[in-house]
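One-letter residues, chain by chain:
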Amino acid sequence: QVQLVESGGGLVQAGGSLRLSCTASGYTFSRYAMGWFRQAPGKEREFVAGIISWSGGSTYYADSVKGRFTISRDNAKNTVYLQMNSLKPEDTAVYYCNTVVGVRAVGSWGQGTQVTVSS
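Residues numbered from 1 in each chain as written. Predicted model: local features only at pLDDT ≥ 70, side-chain atom pairs only at ≥ 80, totals over all residues. Heavy atoms only, no water.

Chemist: I'd love a proper account of the environment of Phe 69, names of residues and values included.
Modeler: Note on placement: Phe 69 falls in strand S7 (residues 69–74). Look at Phe 69 and you get buried, because its relative accessible area is 2%. Separated by 15 residues in sequence, Phe 69 and Met 84 have C-alpha atoms that sit 4.5 Å apart. The residues touching Phe 69, leaving out its near neighbours within four places in the chain, are Arg 38, Val 48, Tyr 61, Leu 82, Gln 83, Met 84, Asn 85, Leu 87, Asp 91 and Tyr 95. (Helix = DSSP H or I, 4+ residues; strand = E, 2+ residues; numbered from the N terminus. Buried < 20%, exposed > 50% of the residue type's maximum accessible area, 1.4 Å probe, protein only. Contact = heavy atoms within 4.5 Å.)

Chemist: Outline the pattern of salt bridges, supporting the account with residue identities and numerical values.
Modeler: Applying the stated criterion across every chain yields a total of 4 salt bridges. Where Asp 91 meets Arg 68, a salt bridge forms, and the shortest distance between an N and an O atom there is 2.7 Å. Of this pair, Asp 91 sits in the loop between strand S8 (79–84) and strand S9 (93–101) while Arg 68 sits in the loop between strand S6 (59–61) and S7, and the two are 23 residues apart along the sequence. For Asp 91, a relative accessible area of 1% translates into the label buried. (Salt bridge = Lys/Arg side-chain N within 4 Å of Asp/Glu carboxyl O.)

Chemist: Account for the nonpolar core, with residues named and values stated.
Modeler: Membership of the largest hydrophobic core comes to 32 residues, with the highest contact counts inside it found for Trp 36, Val 80, Leu 82, Met 84 and Tyr 95. Apart from the residues within four sequence positions on either side, Val 80 is in contact with Leu 20, Ser 21, Cys 22, Phe 29, Met 34, Trp 36, Ile 51, Ile 71, Ser 72, Arg 73 and Cys 97. (Core = buried A, V, L, I, M, F, W, Y, C linked by side-chain atoms within 4.5 Å.)

Chemist: Quick rundown of the state of the cysteines? Include the residues and the values.
Modeler: The full count for this structure, using the stated rule, is 1 disulfide. The residue that forms a disulfide with Cys 22 is Cys 97, at a sulfur-sulfur distance of 1.8 Å. Its torsion about the S-S bond being 40 degrees, the disulfide of Cys 22 and Cys 97 is classed as right-handed. Of the two residues, Cys 22 is situated in strand S3 (residues 18–25) and Cys 97 in strand S9; the sequence distance between them amounts to 75 residues. (Disulfide = S-S within 2.5 Å.)

Chemist: Any details on the pairing of strand S4 (residues 34–39)? Residues and values, ideally.
Modeler: Residues in a regular strand point their side chains to alternate faces of the sheet. Burial within S4 is extensive, with 5 of its 6 residues counted as buried. As paired elements, S4 and strand S5 (residues 46–51) share 5 bridges and run antiparallel to each other. Counted as the bridge partner of Trp 36 is Ala 49 from S5. Hairpin geometry of S4 and S5 is characterised by an intervening segment of 6 residues between the two adjacent antiparallel strands and by a positive phi of about 75 degrees at Gly 42. (Pairing = 2+ DSSP bridges.)

By themselves, these are just geometric observations and shouldn't be taken as functional.
Encoded structure:
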């Protein structure tokens, strides 16, 4: 079955960096665009970043993270990454990956990984 496993979250001070990973199994990863989403306490889950199907493909971002976050993928490893720099307290959330169409998640959710940014 389809499985997405996110990792790499943690506690970091404002201005710091983290790199999240999401490893997929159970489907042909290379055929699908992938995205990162996040959900802060008391808020709805929101789109963060997306990358089309091939490694090195086009990327797109939410305005709130543009210039600070970078999404990438390695189809040989069935893994999508999110490099997060210049982190802010408002980036605190549980981060999830998923297959996407545009900014819309279309697959099953994993357990997510918690990112906490202290001020």
